[in-house]
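# Structure at a glance
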Amino acid sequence: TKNVSIRSASVGSMDNNVYVLTAKNSGAQVLIDAADDFPRIQELLDAAAADLYGGSGEASVQMIIATHSHWDHVRALAEAKAATGARTAAGGPDTADIEVPTDVPLSHGDVLDFDGFDLEVIALRGHTPGSVALVYRDPEGPAHLFTGDSLFPGGVGNTQKDPERFTSLFNDVVERIFEQFPDDTVVHPGHGAGTTLGAERPHLAQWKERGW
């Protein structure tokens, strides 16, 4: 993406992915999932600060978004907020389960406007009640989806073998992601390697049939 850089690091014992989006013209940054190991996250933020166009000021974290409330995704949230002064955000139904207060509860369809890019909020109910995916629509390339633990290469997130939760998550992923975005859309999950919607789309019926 020309005007926004996307950088990531894997942190902690659960290999959580942390993502940083940086507007190269303004220095506005968004941190997705301050999962663990704040020194490593700070290194990531410092590296991303070097992506700014020459003379365009300093990088500054505007918001830290938790894709969901599970402990392995928020272990460095308090430290990251203290270090950056950024606002915190998470899906409304998950905020009670996150120890660090949520400044901005997110709802399906919200658009978060930063200086240089927008992020759209997609609620994906099932892994947790308030799980969200975040969308960056690159004007000059494929869209980028940050899916937390709701969509991975090879399947949707863990719903604890609960058929109701699985059906909820599967339906949201199909209706709100696969039916809305083209095959070249890049998926950045909460753990492990990324994928594209095109790589996963042929397997949707199989996921539905197996029920996880």
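These remarks concern the structure in this document. (Residues numbered from 1 in each chain as written. Predicted model: local features only at pLDDT ≥ 70, side-chain atom pairs only at ≥ 80, totals over all residues. Heavy atoms only, no water.)

This part takes up the overall build of the protein. On a plain count of helices and strands, the protein comes out with 5 helices and 14 strands. For a compact globule of 212 residues, the expected C-alpha radius of gyration is about 17 Å, and the protein comes in at 16 Å, within 12% of that figure. Taken across its 212 residues, the protein has 51% of its residues classed as buried. Of all intrachain contacts in the protein linking residues separated by at least 6 positions in sequence, the fraction that spans at least 24 positions is 58%. For the protein, the accessible surface area stands at approximately 9,200 Å², while carbon and sulfur atoms represent 49% of it. One way to put it: in the protein the 15 positive side-chain charges average out to a point 3 Å from where the 31 negative ones average out. (Helix = DSSP H or I, 4+ residues; strand = E, 2+ residues; numbered from the N terminus. Rg over C-alpha atoms; globule rule 2.2 N^0.38 Å. Buried < 20%, exposed > 50% of the residue type's maximum accessible area, 1.4 Å probe, protein only. Contact = heavy atoms within 4.5 Å. Areas by Shrake-Rupley, 256 points an atom, 1.4 Å probe, with all protein chains shown as cover. Lys, Arg positive; Asp, Glu negative; His and termini not counted. Charge placed at Lys NZ, Arg CZ, Asp CG, Glu CD.)

Next up on the list: the sheet that holds strand E10 (residues 143-148). The 6 strands lie next to each other as E7-E8-E9-E10-E13-E14, forming an open sheet whose pairing is mixed. Strand pairing shows two members of the sheet lacking a second neighbour, strand E7 (111-114) and strand E14 (195-196), which therefore form its edges. Bridge count for strand E9 (residues 132-137) against E10 is 4 bridges, and the pairing is antiparallel. Following the sheet pairing, Tyr 136 is matched in E10 by His 144. (Pairing = 2+ DSSP bridges.)

On E7, burial follows the alternation: Leu 112 and Phe 114 on one face are buried, whereas Val 111 and Asp 113 on the facing-out side are not. Across 4 bridges, the pairing between E7 and strand E8 (residues 117-123) is antiparallel. Within E8, the position partnered with Asp 113 by the bridge is Asp 118. Taking the residues that link successive antiparallel strands as the turn, the E7-E8 hairpin has 2 residues, and the phi of Gly 116 there is positive, at about 125°.

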